Amino acid sequence: MIDRRNFMIGVAFGAPTLLVALTAGRGAEAKIEQAEKFVRDLVDTAVYILKLPEAATVERRAGIERLLDTRFDLPTITRLVLGRYWRRATPDQKQSFATVFRIHLIKVYNSQLVLYDDQIINVKQVTPLNDTDTVIFTEIEQEDGPPLRIDWRVRDKGGRIKVVDVAAEGVSMVTTKRSEYRSVLAREGLDSLIARLEELNNQPE
């Protein structure tokens, strides 16, 4: 026979625990949905830009610039790319590098992104990494080859989601840029890297 008193005590203490678990589960699910929606919206915006004719160079560049500024966490990406060299940099060096690196990214994406040709972009998987970061795995179907895999690492910054890294076929943009700059930083220092990026930025596309 069930002891009514013990049963009610169990319900009284167990219900809040169950409620917390259910609430936490719904919260995690909501974060996953929010991250996926963010990337879907970002991809839709990118597709709109890529559909612009090649002759519309000003509009395409402005669109890419706006996309980077509004959807990417450039301050975090900048810090991650420099790693320990960011911590050693002076405030002026940090500001100078952030400026030239942003222009460099805009120029790279503007020159390398091809025209959109009605490829289908699918979200394949959404994986939370921790309380703030989520990876959204997407694939771009291609007629003349296997799908191209693009992984988006996004971070929830107090209710605002931003991209902190992008990986193409498993190759991280942040890791690639960090490796690219490491030898210059080790041999010549941050000022030299800033000067080199400025030189690249001034070259015609």
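Data block above holds the structure.
Residues numbered from 1 in each chain as written. Predicted model: local features only at pLDDT ≥ 70, side-chain atom pairs only at ≥ 80, totals over all residues. Heavy atoms only, no water.

A. Quick look at the sheet that holds strand β1 (residues 121-128). Pairing in this open sheet of five strands is antiparallel, and the strands run β1-β2-β3-β4-β5 from one edge to the other. Looking along the sheet, the strands with just one partner apiece sit at the ends: β1 and β5 (171-172). Where strand β4 (residues 160-168) and β5 come together, two bridges link them in antiparallel fashion. Across the sheet, Ala168 pairs through a bridge with Val171, a residue of β5. (Pairing = 2+ DSSP bridges. Helix = DSSP H or I, 4+ residues; strand = E, 2+ residues; numbered from the N terminus.)

B. Fine view of the packing of aromatic side chains. Summed over the entire model, instances satisfying the criterion amount to three aromatic pairs. Where Phe97 meets Phe101, the ring centres are 5.4 Å apart and the plane angle is 10 degrees; that geometry is what we call stacked. Here the residue Phe97 and the residue Phe101 both occupy positions in helix α5 (residues 91-112), the gap between them amounting to four residues, near one helical turn. There is no split in this pair, since Phe97 and Phe101 are both buried. Ring centres of Phe97 and Tyr181 lie 6.3 Å apart, and the angle between their planes is 85 degrees; this geometry places the pair in the edge-to-face category. Here Phe97 is found in helix α5, whereas its partner Tyr181 is found in helix α6 (residues 173-188), with 84 residues between them in sequence. (Phe/Tyr/Trp six-rings, centres within 6.5 Å; stacked < 30°, edge-to-face > 60°. Buried < 20%, exposed > 50% of the residue type's maximum accessible area, 1.4 Å probe, protein only.)

C. Examining the pairing of β4 more closely. Of all nine residues in β4, seven are buried, a share of seventy percent or more. As paired elements, strand β3 (residues 145-157) and β4 share eight bridges and run antiparallel to each other. Bridged to Ile150 within β4 is Ala168. If you look at the hairpin formed by β3 and β4, you'll find two residues sitting between the two strands, and Gly158 has a positive phi there, around 65 degrees. Connecting the antiparallel pair β4 and β5 is a turn made up of two residues, with Glu169 showing a positive phi of about 55 degrees.

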